[in-house]
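# Structural overview for review
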Amino acid sequence: MDKSWIEKPRNTNEYLLGLDKFLDSAFKNAVVEDTIRCPCPKCGFGKWQTREIVHDHLICKPFPQNYVIWNLHGEKQVVEPSGDRDVMQEMFHPENSIETMINDAFGQYRHQAADVGISQPLCSNEISNEGHREDSGDFHDFLKDGSKTLYEGSKYTKLEFLIKLYHIKVYCGLSDKAMTMILDLLRDTFEDANLPPSFYEAKKTISKLGLDYIKIPACPNNCMLYWEGDSELEACKHCGTSKWNPNKKNKKQSAKVLRYFPLKSRLQRLFMCCKTAEHMRWHASSSNEDGLMRHPRDGEAWKTFDRTHFGFASDPQNVRLGLATDGFSPFGTMSTTSSIWPVFLIPYNLHPWMCMKHTSFILSMIIPGKQMPGNNIDVYLQPLVKELCELWNDGIETFDSSLKENFRMHAALMWTISDFPGLGILSSWNTHTGFACPTCNFDTEPCRFRHSKKWCFMGHRRFLRRNHRFRLNRVRFNGSTEERNPPLKLLGLDILRQIEERRVAELNVSGKRSRRATKQWNKRSIFFELPYWKSNLLHHNLDFMHIEKNICDNIIYTLLHDKSKSKDYINARKDLREIGIRRDLWPDDSEKYHLAIFSLVTDNKKKLDTKKLFLTTLKNIKVPDAYSSNISRCVDLVQKKIFGLKSHDCHIILEQLLPLAIRNVLPDHVVAVLVDFCSFFRALSSKTLNLLELDKLQERIESILCHIEILFPPSFFTVMVHLSVHLAKEAKLGGPVHHRNMYPIES
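Here is a short report on the structure shown in this document. (Residues numbered from 1 in each chain as written. Predicted model: local features only at pLDDT ≥ 70, side-chain atom pairs only at ≥ 80, totals over all residues. Heavy atoms only, no water.)

Further remarks concern the overall build of the chain. Along the backbone of the chain there are 24 helices and 14 strands. In the chain, which comprises 747 residues, the share counted as buried stands at 48%. Long-range pairs, those at least 24 residues apart, make up 64% of the contacts in the chain between residues at least 6 apart in sequence. A total accessible area of about 38,200 Å² is found for the chain, and carbon and sulfur atoms account for 51% of it. (Helix = DSSP H or I, 4+ residues; strand = E, 2+ residues; numbered from the N terminus. Buried < 20%, exposed > 50% of the residue type's maximum accessible area, 1.4 Å probe, protein only. Contact = heavy atoms within 4.5 Å. Areas by Shrake-Rupley, 256 points an atom, 1.4 Å probe, with all protein chains shown as cover.)

All right, on to a positive patch on the surface then. Residues R10, K42, K47 and K61 make up a contiguous surface patch of positive charge. By the element assignment, K61 lies in the loop between α2 (51-60) and α3 (85-91). (Patch = residues over 30% accessible without salt bridge, like charges linked within 9 Å, V, L, I, M, F, W, Y side chains within 5 Å. Salt bridge = Lys/Arg side-chain N within 4 Å of Asp/Glu carboxyl O. Lys, Arg positive; Asp, Glu negative; His and termini not counted. Charge placed at Lys NZ, Arg CZ, Asp CG, Glu CD.)

A separate point is the packing of helix α6 (residues 158-172) against helix α8 (residues 199-206). Relative orientation of the contacting elements α6 and α8 amounts to 110°, with a least axis distance of 10 Å. With respect to their mutual orientation, α6 and α8 come out roughly perpendicular. Between α6 and α8 lies a crossing whose hand is left-handed. On α8, the residues touching L159, L162, I163, Y166 and K169 of α6 are F199, A202, K203, T205 and I206. A per-class count over the contact of α6 with α8 returns seven nonpolar, one polar and two charged. (Axes fitted to C-alpha atoms, helices over the stretch in contact; angles between N-to-C directions. Parallel < 35°, antiparallel > 145°, perpendicular 65-115°, else oblique. Left-handed = near helix turned anticlockwise from the far one by under 90°. Nonpolar A, V, L, I, M, F, W, Y, C, P; charged D, E, K, R; others polar.)

What follows deals with helix α11 (residues 300-308). Where α11 is concerned, the buried positions are A301, W302, T304 and F305. Considered in projection along α11, the buried side chains sweep an arc of 165° and stay on one side of the axis. Residues of α11 that are buried in the fold lie against α10 (282-285), α12 (310-313), β5 (319-325), α13 (377-393), β10 (411-417) and α23 (727-734). (Arc of directions from axis to C-beta.)

Below, the discussion takes up the packing of aromatic side chains. Evaluation of the coordinates by the stated rule reveals 30 aromatic pairs. When the centroid spacing of 4.4 Å and the interplanar angle of 25° are considered together, the rings of F598 and F712 count as stacked. Taken as a pair, F598 in the loop between α17 (570-579) and α18 (610-620) and F712 in the loop between α21 (691-711) and α22 (719-723) lie far apart in primary sequence, 114 residues in all. In this pair, the class of F598 matches that of F712, namely buried. Grouped by ring-pair contacts, the aromatic residues W5, Y15, F22, F45, F63, Y67 and W70 constitute a single cluster. The cationic tip of K243 hangs over the ring face of Y226; the distance from NZ or CZ to the ring centre is 5.0 Å. One Lys or Arg, R297, reaches over the ring of W282 and ends 4.5 Å from the middle of that ring. (Phe/Tyr/Trp six-rings, centres within 6.5 Å; stacked < 30°, edge-to-face > 60°. Lys NZ or Arg CZ within 6 Å of the ring centre and 35° of its normal.)

By the element assignment, C552 lies in helix α16 (residues 544-559). For C552 and L645, which are 93 residues apart along the polypeptide, the C-alpha to C-alpha distance reads 9.7 Å. For C552, the contacting residues outside a window of four places in its chain are C650, I653 and L654.

Considering all chains together, one arrives at 27 salt bridges under this definition. Between D176 and K169 there is a salt bridge, with its nearest N and O atoms 3.1 Å apart. By relative accessible area, which is 34% here, D176 ends up partly exposed. Judged by relative accessible area, which is 12%, K169 ranks as buried. In the salt-bridge network here, residues are joined through shared partners; they are K169, D176 and K203.

This part is about the pairing of strand β4 (residues 257-260). Where strand β3 (residues 214-217) meets β4, four bridges bridge the pair, whose relative direction is antiparallel. Paired with I216 across the bridge in β4 is L258. Bridge count between β4 and strand β7 (residues 362-367): two bridges; the pairing is antiparallel. Bridge pairing in β7 places Y260 opposite M365. (Pairing = 2+ DSSP bridges.)

All right, on to the sheet that holds strand β6 (residues 341-347) then. Judged by pairing direction, the sheet is mixed, and its six strands sit side by side in the order β3-β4-β7-β6-β5-β10 without closing on themselves. The strands lining the two open edges of the sheet, one partner per strand, are β3 and β10. Averaged over neighbouring strand pairs, the angle between their axes works out to 20° when direction is ignored. With five bridges connecting them, β6 and β7 associate as antiparallel partners. Bridge pairing in β7 links F344 to L363. Along the sheet face, α11 touches β5 and β10 and points at about 155° away from the line of β10.

Here we come to the pairing of β10. In terms of burial, β10 is a largely internal element, seven of the seven residues being buried. Of the strand pairs in this sheet, β5 and β10 are connected by six bridges, and their pairing is parallel. Counterpart to L323 in the pairing with β10 is T416.

Put into structure tokens, the structure is as follows:
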């Protein structure tokens, strides 16, 4: 059948006639009566639709350009019969997803197929990696399982059926016992079906794909791992807790188990896969002609790393990684509490539109536990750091399927991505004190208010240029002039020196730690065991997503004067009176105070209800599908509240909707400051960044925060508000923020 119509415009007669022929053929061979898999980009072959719906979809959306062999709609590819060659040709068909998995797992053995009389090898170069030849038996076993049909006349092979069944198990959360019962039922129903006796046997077949992991017992108190030289221990050598689960008295079962997914084999898989091998060299092969920043490779941290480690940078096949982690509860909103911490690795060699997709992430480990690992997370990171050191020093022999050659692959960890508490865990910097900002470090003056009982992070005049008028303004700020310079960015060597100095300073004469000593550095981070870590310019990223979320909450709930979440309350006003500034906001003796100019609540009932007008604007805004969630559901006009905002909701409100909602309900000078604040985040979250524009953004945020200090009380300035002053400089180091935030990790 002529398929040239696929490339024609959808309003031409050729396209319409070709579409009708496709539908006639597809419904003639339909597996399910009156429905077929819809190939439109919206359905993506995943939904079964009627002829009318499929026709409408393919008129509105283009037909997939690469779908020229309609194997999902009954078309068969004609191959010459040649004995065992038929099996190999069908399994290694370019459109066969099973072939792709086999190719990725056993690509180095395809040349051995000729030895058993199977069709052409998958690569012409013979691989001399002897370390993998012991797996060649699994390759032939895998081919054997893949060639067996499920039963006579079945459209699935045994391997295809098991993989699809395993996908259903994972997607629906079925237990192994349930899957065994399903297999028993299928075997009883279809007596001639080639099915395994249990799901355990099915997993043994699927495990030959190489998607396995290592179970490493751990101390229940997060003290140590039972691995390498400690694998034979029966109890923790630090706290003495038993290795075994006390509830399992009849058999020995580890009380806590770390599931670690080896990194080397997964990085090799990226080059063995024909779909990703060529993309892994994109960062070096693609040129940046206009000078804009689109990828971390355009940032100063990447360029400095290349200059410092020229040998590593000279080979474009070496892998750059980012580490991301965060905790979640596997039980959702149930009363059972637990905190599971998966650790992901992000390969930054890939295109900007590929590296942050879920399909590109590498799951490194799953840290179990009812409580978060805290500062003991380094215990669980030991296997990963060891493997990263080996990949940096020795590398590993790898086959590049795009170049058809072997090379020695090395890898390096560029930085970590986490929320702010996670940053404190990974970096070992205490983020819960007056020195919470890791960028300012000790070059700041902690301020804790007596009435609010919260740390305040003001003093942004120090970031302004030396001749700025705000530096000499006493009345509108804290009553004094500002002569300090901005804090300097610390390097890895400075951090190591601080850790050693603090450790020595905290030891008293008897050799015990002094209780009065401020403990900012909890320990020496395990990442400093990496030979290159101390020379990296950017170690731990400030998460743009959570900063936006917290700032949006601060602004909205303060404007609405929410009783539980507002930053303008009686204790905040008492703190103003205690430090002697902003006399117009002081409370009187009866603890009553006037509402500030930024409040949407009015004392006079005759005035316009600005609070209701603000919420009505947010509730009535219409946005395109998939642009954001339904924000109107979070607005309650009866109680005049807004609730249940997610991180992406705050992202949309802060950057797009808030400037619209406040323009007619607040004084002009307040609107000007808040709109400028919103536009800063909108400009910084752009997919492309200009270095000159980043310098201007840095000056803007410094001025914006100073204007906000004039308007809002000091309690407004939590550490998340303060961290916004460092975002522009960090973007110059690491590139666009969407490569370094938590949106793809938490979604």
